[in-house]
Structure formats: structure tokens, C-alpha cells
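# Breakdown of the fold
So the chains spell out like this:
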Amino acid sequence: MTVWSGQWTADRLDARLTTTAGVGGLVAEDLVGMALRRNPRRAHLLVSRVLGKHVPTDPRLVHGAGRLLGALVADRLTGTPGGLAEEGGALVAAALRGDPTASSRLLAALDAQLPATTADALVLGYAETATGLGHSVADQLRAPYLHSTRRPVPGVAAVGAFEESHSHATSHLLLPEDPALLAGPRPLVLVDDELSTGATVMDTVRAVQAVAPRSRYLVAALVDLRSAADRAALAGFAERTGVQIEVVALVSGAIALPADALARGAALVEQHGRPAVEAGSAAAEVRSVTGWPAGVRDGGRHGFPDSERPAFDAAVAAVAAQLRPGLPAGAGERLLVLGTEELMYLPTRLAAELAGLLAGDGVEVVFSSTTRSPVVPVDEPGCAIRTALTFPASDDPADGPGPRFAYNVAPPAGAAPFDAVLLVLDDASTGRDGDLRAQLAAVSAGPVTVLTVPGSRPGAR
């Protein structure tokens, strides 16, 4: 019997998830597990099973779940159901149960519903967790995209900024290359992996209304677990602000926690700590490669118009073909593609392309990303975070340096390591990523390939 990857934490915190609605029969436990968060404001972390942030996941499912969320947004924006919600949700569920073709069938169904023209909306994803998710939502809408960032650019003034109250890292900057991207009355779609209270949404709306007011916002999340009081608070805020705020999610429900959840969590953190990862006796080979074409944006940190999608798609295909000869080719081997913090979308797409190229060889490709989130790994099947690598930040964010983490990359007890790793980072990390490279080499059974892509910067194109 498969153990839910939140059972260990939920049992000890006395936390309970309930589902009130889910497309295609999805329930909250399908989309999230649970772990212990090192955070004085919140004891638990809901760990997505389809985001590719903390749990290595089929990249086609990661991209497909985001695009399915985009299809729900399209239905709400147009007021005309596209008919894909139930089929898409069922395919997500099938992929999570292990159906090897479900993710590809999901992407094919989404391709069949791509609009012929660019949507009259702007999509904004939240750093760091939803930078790739938001881009996938924008892909399905064929809408321009921007994600918030914690990495300032010298000489570039932020158009807006807002806070994330429950997070360990709070400040979000909006740094579009063209400040007019935020201007105008078109709807703004706010994308996050989890909607827990709505506080960040309200802070975002306040910030945007101050510089680029509009009348309609749509919030899109993989899971919406707000309480009844939180839902009422967002509705009241929208009424007072004079805007329309709608919410769509793949699954809606609630999480119930006892009054002493923070105390329970603190005691568990003290008890379990963070065990060291034991490295292998010999480190794997590490090689560096380039190849991402100059002038093709690496993501939406400074904006990503719909017109640039064809060049991006072509670059993904070309780089994947270039990388293939140095990657595993044996049946049953496993390749991890690892993104870095805000750089999630490009490596997700690259991993999905490699999954297609290597499928004929029987190679499994999964995607994950490094993160800021401090979580306690517990090597139990019922915990979503079982192992952790810890290393210094490889960029220069506004809130200063600090530890970063790669979860579930080292194998848990009794499991085999990945046969190879492809680490994808941008050139802001050049010379600062040595510790991460060394740790990946120590826990991988085969070579670590490091692909460095040129990071997009305003005025550099």
C-alpha cells in the first residue's frame, strides 16, 4: 500500500486536509504532501507533487499541470468552458498513479486547445516557487508573462514591490524591461502553487493598483486551501478596493491545524534536526557546457512576450539535442534535471524535451529545483522531504546571502542514486556554485553536467 507523502507530518502535527472540489476527481492529497518547515510563523510546508520544486517529478507532468491551470484561467476569462478540466484532471491523477503515457496525453490535449491569438491578459508568477508554473499558465493562454524576483539589477528601478507575510524570504520586486508591460486595463492573472490565506494576493493588488490600476484580477493556484474567514477577507478586500478578484484552482479544500501546531512543529524540528547526507566514496565527474543562444530570454524575470515563444521553443529543442550524447542511454537509468531557485521554466522545458528524446532508450527523466525553503528532512516514506543538500546562495539577491537547499536529490536509505544529473543555472552564478556541484557529484552515481545559460537583463538584448 502506498503511503501518502504527508502522513508522517500530518499525524504528528494533527493536521487534516479536506477537499471540497477537484477537477477530474483530484483531491488535495493527490497534489500535495507535507513536511516540517523551519519557520516560526508556520509549522508545516505543503509540498507539491506536480510543481517540480522539492520533489523530482516527470517534467511533462510539471508543465502539463501548469498548462491545465492555464486552461481553467482561460475558461474563466472568456466565460466559455473549454471542456478540458475534467479530462485534464483525470490525466494528472493517472500520471501521479504511474501511468507512463498520461503526461504526454495531457500535453497533447492542451495543445489541441491552444488559442489562435494572444490573450488580452498579463500573467504574473510569484518568485521563487511559481516562476515556472506561471510561465506554463501563460503558455496555455498565449499571454505575456512576468514573474516577481528577489534579484535586483543595478540601475533598473522596480516598477512595484510587495511582501509575502508567511514566508522566510519576503520581498518581491517587479522589474519588467518595458515598464508599460504592467500598464493598461487588461486583467492580471496572479499565479502561485498554493493559496493558503490570500494575504500575498491582497498585498500584490495594493502594489499594482498604486502603479497600474485595473478592475479585474484572477488568482490561479494548484491548490486553494483558504479557510472560510480567509475567503471572506479576500472578498471584502476586493469590494473595498473596487476590483474584481476571482480564484481558480485544480483542487479546493481546507487544512485544519490544532492551536498548538507551532509548538508541536518546533518540538519536532528540535528532535529531528537535519541529518547529514553521507556522500559516496568517489565523486562523479563534473563537466561544464554552454549552448543556450544569446538573445533568447531564459524566463520571465524581466517580461516574456508571446512573440518570443517560437524562438524559445526552438532553443529548447536545439540544446536538448546537443546535450543528448553526454546523457544516460541505458534502459532503467534515471536522469535528474535540476533548476536553480527562480530559474525553473527553462530547465523544466529542457527536461521535458529530453524525456521525449530519451524515452526510446528507456531512460527516466525527472525535474526538480533548488530552493530557499528551510525544511527538516525526515527519511520516512510518509514524509515529503526525505533528504537534503545544503549549500550557499549562488546569486546576489536583495535580501542578502543565505543557505539554499536541494531536497530529495540524495537518495533516501535503501534507494539507488540518480545515474546522472544535469544542473541548469544562469551566468549570475558563475564562480559561486562550486559547493553545489561538489555535493551533486558526491550523491550521483554518474556524471554531473552543468549547463550555464546567459541570464536576460534589461537593455542587454
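In what follows, the structure referred to is the one given above.
Residues numbered from 1 in each chain as written. Predicted model: local features only at pLDDT ≥ 70, side-chain atom pairs only at ≥ 80, totals over all residues. Heavy atoms only, no water.

## Structural notes on the overall build of the chain
- Along the backbone of the chain there are 12 helices and 18 strands.
- On C-alpha atoms alone, the chain measures out to a radius of gyration of 21 Å, which is about the 23 Å that the 2.2 N^0.38 rule sets for 461 residues.
- Considered along the principal axes of its C-alpha atoms, the chain spans approximately 60 × 55 × 45 Å.
- For the chain, the residues scored as buried account for 58% of the 461 residues in total.
- In the chain, 76% of the contacts between residues at least 6 apart in sequence involve partners at least 24 apart.
- Summing over all exposed atoms, the chain offers an accessible surface of approximately 17000 Å²; the carbon and sulfur share of this is 54%.
- Looking at charge distribution, the chain has the averaged site of its 39 positive side-chain charges lying 2 Å from that of its 49 negative ones. (Helix = DSSP H or I, 4+ residues; strand = E, 2+ residues; numbered from the N terminus. Rg over C-alpha atoms; globule rule 2.2 N^0.38 Å. Buried < 20%, exposed > 50% of the residue type's maximum accessible area, 1.4 Å probe, protein only. Contact = heavy atoms within 4.5 Å. Areas by Shrake-Rupley, 256 points an atom, 1.4 Å probe, with all protein chains shown as cover. Lys, Arg positive; Asp, Glu negative; His and termini not counted. Charge placed at Lys NZ, Arg CZ, Asp CG, Glu CD.)

## Here's the deal with the sheet that holds strand β17 (residues 420-426)
- The strand order β11-β18-β17-β12-β13 describes an open sheet built from five strands, whose pairing is parallel. A strand with exactly one partner marks an edge of an open sheet, and here the two such strands are β11 (286-289) and β13 (364-369). Taking each pair of neighbouring strands and ignoring which way they run, the sheet shows an average axis angle of 20 degrees.
- Relative to strand β18 (residues 448-453), β11 runs parallel, the two sharing four bridges. (Pairing = 2+ DSSP bridges. Axes fitted to C-alpha atoms, helices over the stretch in contact; angles between N-to-C directions.)

## A short note on unusual backbone geometry
- Note the cis peptide between A127 and E128, where omega equals -5 degrees.
- Inspection of the secondary structure puts E128 in the loop between β4 (122-125) and α6 (131-141).
- Backbone geometry at R142 places phi at a positive 55 degrees, although glycine is not the residue there.
- Within the secondary structure, R142 sits in the loop between α6 and β5 (145-147).
- With a phi angle near 60 degrees, N408 is a residue other than glycine that sits in the positive phi range.
- Of note, N408 is situated in the loop between β16 (403-407) and β17.

## Quick look at helix α8 (residues 228-241)
- Between its first and last C-alpha atoms α8 spans 20 Å; for 14 residues at 1.5 Å apiece the expected length is 20 Å, and the two agree.
- Along α8, the positions that sit buried rather than exposed are L234, G236, F237 and A238.
- Here the buried face of α8 lies against α7 (199-211) and β10 (244-256).
- Positive backbone phi, approximately 80 degrees, marks G242, located one or two places after α8. (Expected span 1.5 Å × (residues − 1).)

## Some points on the side chain of D224
- Of note, D224 is situated in strand β9 (residues 216-224).
- On the accessibility criterion, D224 (2% relative accessible area) is buried.
- Polar contacts involving the side chain of D224 include one to the side chain of R231, which spans 3.3 Å. (Polar contact = N/O pair within 3.5 Å; in protein donor to acceptor, adjacent residues only side chain to side chain.)

## Quick look at helix α4 (residues 85-96)
- An ideal rise of 1.5 Å per residue puts 16 Å on 12 residues; α4 measures up with 17 Å between its terminal C-alpha atoms.
- The set of residues buried in α4 consists of A85, G88, G89, L91, V92, A93, A94, A95 and L96.
- After α4 finishes, the residue G98 shows a positive phi value of roughly 110 degrees.

## Section: the pairing of strand β2 (residues 32-37)
- Of all six residues making up β2, six are buried, and the element is well covered by its neighbours.
- In this sheet, strand β3 (residues 44-48) lies alongside β2 in antiparallel orientation, the contact comprising five bridges. Across the sheet, A35 pairs through a bridge with L45, a residue of β3.
- Hairpin connection, β2 to β3: the antiparallel pair is bridged by six residues.
- Of the strand pairs in this sheet, β2 and strand β14 (residues 375-376) are connected by two bridges, and their pairing is antiparallel.

## Observations regarding the packing of aromatic side chains
- Under the criterion given, the structure shown has four aromatic pairs.
- Here the aromatic rings of W292 and F312 are separated by 5.3 Å at their centres, their planes lie at 65 degrees, and the arrangement is edge-to-face. Here W292, found in the loop between β11 and α10 (309-323), pairs with F312, found in helix α10; they are 20 residues apart in sequence, far enough to count as distant.
- Residues F304 and F312 carry aromatic rings whose centres are separated by 5.8 Å and whose planes lie at 80 degrees to one another, so their mutual orientation is edge-to-face. The exposure classification of F304 matches that of F312, with both residues buried.
- Taken together, the aromatic side chains of W292, F304, F312 and Y345 make up a single cluster linked through ring pairs.
- In this structure, R334 is placed above the aromatic ring of F418, and the distance from its NZ or CZ to the ring centre is 4.4 Å. (Phe/Tyr/Trp six-rings, centres within 6.5 Å; stacked < 30°, edge-to-face > 60°. Lys NZ or Arg CZ within 6 Å of the ring centre and 35° of its normal.)

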